[in-house]
2 protein chains.
Amino acid sequence: MCPAVNVEAMSTHEKSPLDRFHGVIPAGGTGTRLWPLSRAAAPKFLHDLTGSGSTLIRATYERLQPLSGKRLMVVTGKAHRRAVRAQLPELKDSDLVLESEPKDSGAAIGLAAAILYHRDPDIIMGSFAADQVIAPAEDFQAAVREAVHTAAEGYIVTIGILPTHPSTGFGYIRAGDPLDIAGAPSAHSVIEFVEKPSVAVAREYIDSGKYSWNAGMFVAPVALMLKHLEANEPLLYAGLMEIAAAWDTRSRNEVARRVWPTLPKIAIDYAVAEPAAAAGDVAMIPGNFSWDDVGDFAAIGRLNPAMENSELTVMGEGARVFSENASGIVVSDTKRVIALIGIDDVVIVDTPDALLVTTKEHAQEVKKAVESLRASGDVDVL
Amino acid sequence: MCPAVNVEAMSTHEKSPLDRFHGVIPAGGTGTRLWPLSRAAAPKFLHDLTGSGSTLIRATYERLQPLSGKRLMVVTGKAHRRAVRAQLPELKDSDLVLESEPKDSGAAIGLAAAILYHRDPDIIMGSFAADQVIAPAEDFQAAVREAVHTAAEGYIVTIGILPTHPSTGFGYIRAGDPLDIAGAPSAHSVIEFVEKPSVAVAREYIDSGKYSWNAGMFVAPVALMLKHLEANEPLLYAGLMEIAAAWDTRSRNEVARRVWPTLPKIAIDYAVAEPAAAAGDVAMIPGNFSWDDVGDFAAIGRLNPAMENSELTVMGEGARVFSENASGIVVSDTKRVIALIGIDDVVIVDTPDALLVTTKEHAQEVKKAVESLRASGDVDVL
């Protein structure tokens, strides 16, 4: 049996909302549009895509640490256990949640919420994907602080990204009126989440000034997350609560192994965020920071400066690139000599078993290549 | 002391000119414009660049065999001994001339002439580079037969290639009047060899109808070759004759090792062909066959049909190429998956230690890449 969530209890606590904060980093997805660099065995979050010297998951962890201290949990596939451990040696075993099979974000983030709720029902969780690039960290942290204060007032709070172009690749958040919340001067209510729009609709959204990109960042009391999950996905809720009850006991593995495979696959947006918005329980803090989800190789060009005296961005330790009248991006994951002659806006990704050659303009279509390779059975390189 | 060449003796023999024919295949050059496929350790002639299943040197050998039988000699660098042996298992040891260091075509072809002269002063040699693509073989052989008949009348005979465009990459041959030679109805005298021209001059040449490309094909009595060599390059002549005298004896290696490094480097064009033309000793047979020196990767595109339902030419056994909206040439010398998306007229050459990405238009500039790599010390991949 699952313990009922007592939402009323949330309002009576003495800690500052910030003391209740606990970071959660869902680290999933294979980043197929960054194939062959990013792939099932080495997804996007395990790469240093900004030339900073840190992998994206490490940078995400370090961006949250000033807010959360060691109260950080990572949810990832069991195949990435060793790599994530290497990246985050500080992480406790009980804070590394390993999925035996992918179950979408509803189960991943929901399990984090359920485990944290079992530890302390007052926790305010903040969920931030492991593969986004954000700067400066201070502005991100300021937005999260506002989000935590807003969450403490009983909201699921998303951080909205100011759209820079009419993207058809993101969902949008439609903001409502400002909220009057201490510690969160920029908080707004959210009227709805909308799915990826057409270009024309995206343009209207941007022109209206009412819409932000939905980057999937949520800050919310775990109890409120679970309340909506219970209402919308009772089977998922029950399963997650059963695993969570066993998590900090000896039967963790036994229960997880038994229950996890039975859970429904659903995105957290459908399981929690959209119904919560319809119920008036969602708020938004605008993010005043630069944000990039590194959706394709063109993004890598944006995020990394070109070489001196060249229009070529070269990534990769030990890259040996010779170029003449060439521009674009070279990602070298081998020690091979790469010679480029007379070619513009090219994207070259050189890995030991697979080579991609495309252009910045076609960078989004890399996903299709991966799908075709999968269809043709060439799965050894995916 | 060197034996004097008795040119007068040439006119008194009873064999048919064709019985006197002996093929010579100089196999040199690294084909830097085909880097990184062609390189010092694996030059152009050791590759199958036409998708025929034969390397260029094997195809050259088989094209000459109907004319020469086993009377075929190969001159190449000692580094290629094993590879040439593997390609031409029929070749006798005494017909594989190995250069301990490169000495240009004057020494290479001159040594073949000298060795053959020592074996039989009546031999008519035909020298054909190992890395040219010619079809159909029958038309080539018909031209060589005419050339042999012409050579037997006391000419150094070149086979002229009908120019298809005003190339600035080839030397040209200026033909004179027709010659009246039995068995060689298309033989013409040659007025001069001219160096690589400008585009404007090349256009004039083509419009005049008097010029052919010089593909470096020579058919000539060895005695006549040596007569001109002796007159123009007496030191080279003397050295070659000394090696040749020892060639079919036990002291071959000792003499070659001692003399070869002392020989001057000069092209056969300067050492023999041009002075012979000035002396009126050169004739020309027009070659009525298609000819390609596979000068760059654009040529590989011409010589190999594109894949069905695609504008992409893919070369390489076991190539795993996925393409979408891509055209051009992929040469795969690895088992890697290569994905091309939205890129036109591209040239990709994928080898274990070096990758080239360029366009057909810039294919000629590959040579520059090689020069830059050499200058920067990246000689391991050259």
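Quick caveat, the model's predicted, so the values are computed rather than measured.

Enquirer: Explanation requested: the domain arrangement of chain A in the structure shown.
Expert: Accessible area lost when the parts come together is the quantity often used to give the size of an interface. Residues and elements named next belong to chain A. The domains assigned to chain A are domain 1 (7-292) and domain 2 (297-381). For domain 1 versus domain 2, the separation of C-alpha centres amounts to 31 Å. Between domain 1 and domain 2, the residue contacts involve 13 residues of the former and 20 residues of the latter. In total, domain 1 and domain 2 occlude about 1,600 Å² of area from one another, counting both sides; carbon and sulfur atoms represent 64% of this. Linking domain 1 with domain 2 are two salt bridges. Asp353 is the partner of Arg39 in a salt bridge, and the nearest nitrogen-oxygen pair spans 3.0 Å. One can count eight residue pairs in polar contact (both at pLDDT 80 or more) joining domain 1 with domain 2. Among the residues forming the side of domain 1 that touches domain 2, the class breakdown is six nonpolar, three polar and four charged.

Enquirer: Quick question: what am I supposed to make of the interface of chain B and chain A here?
Expert: The partner chain A presents 35 residues to the 35 residues of chain B that form the contact. Buried area between chain B and chain A, both sides added, is near 2,700 Å², and the carbon and sulfur share of it is 60%. The three residues of chain B that bury the most area against chain A are Arg336, Ile341 and Leu355 of chain B, which together make up 24% of that side's buried surface. A salt bridge links Arg320 of chain A to Asp380 of chain B; the nearest nitrogen and oxygen atoms lie 3.0 Å apart. Between chain B and chain A we count 24 residue pairs in polar contact (both at pLDDT 80 or more) in total. Elements supplying a minimum of two residues to the side of chain B that touches chain A: strand E13 (320-332), strand E14 (337-350), strand E15 (354-359) and helix H11 (366-375) of chain B. A class-by-class count of the residues in the side of chain B that touches chain A yields 19 nonpolar, seven polar and nine charged. Across four bridges, the pairing between strand E15 (residues 354-359) of chain A and E14 of chain B is parallel. By the bridge assignment, Ala354 of chain A is partnered in E14 of chain B with Val337 of chain B.

What counts and what doesn't
- Residues numbered from 1 in each chain as written.
- Chains lettered and ligands numbered in written order.
- Predicted model: local features only at pLDDT ≥ 70, side-chain atom pairs only at ≥ 80, totals over all residues.
- Heavy atoms only, no water.
- Domains from an automatic or database assignment.
- Contact = heavy atoms within 4.5 Å.
- Buried area = accessible area lost by both parts, 1.4 Å probe.
- Salt bridge = Lys/Arg side-chain N within 4 Å of Asp/Glu carboxyl O.
- Polar contact = N/O pair within 3.5 Å; in protein donor to acceptor, adjacent residues only side chain to side chain.
- Nonpolar A, V, L, I, M, F, W, Y, C, P; charged D, E, K, R; others polar.
- Helix = DSSP H or I, 4+ residues; strand = E, 2+ residues; numbered from the N terminus.
- Pairing = 2+ DSSP bridges.

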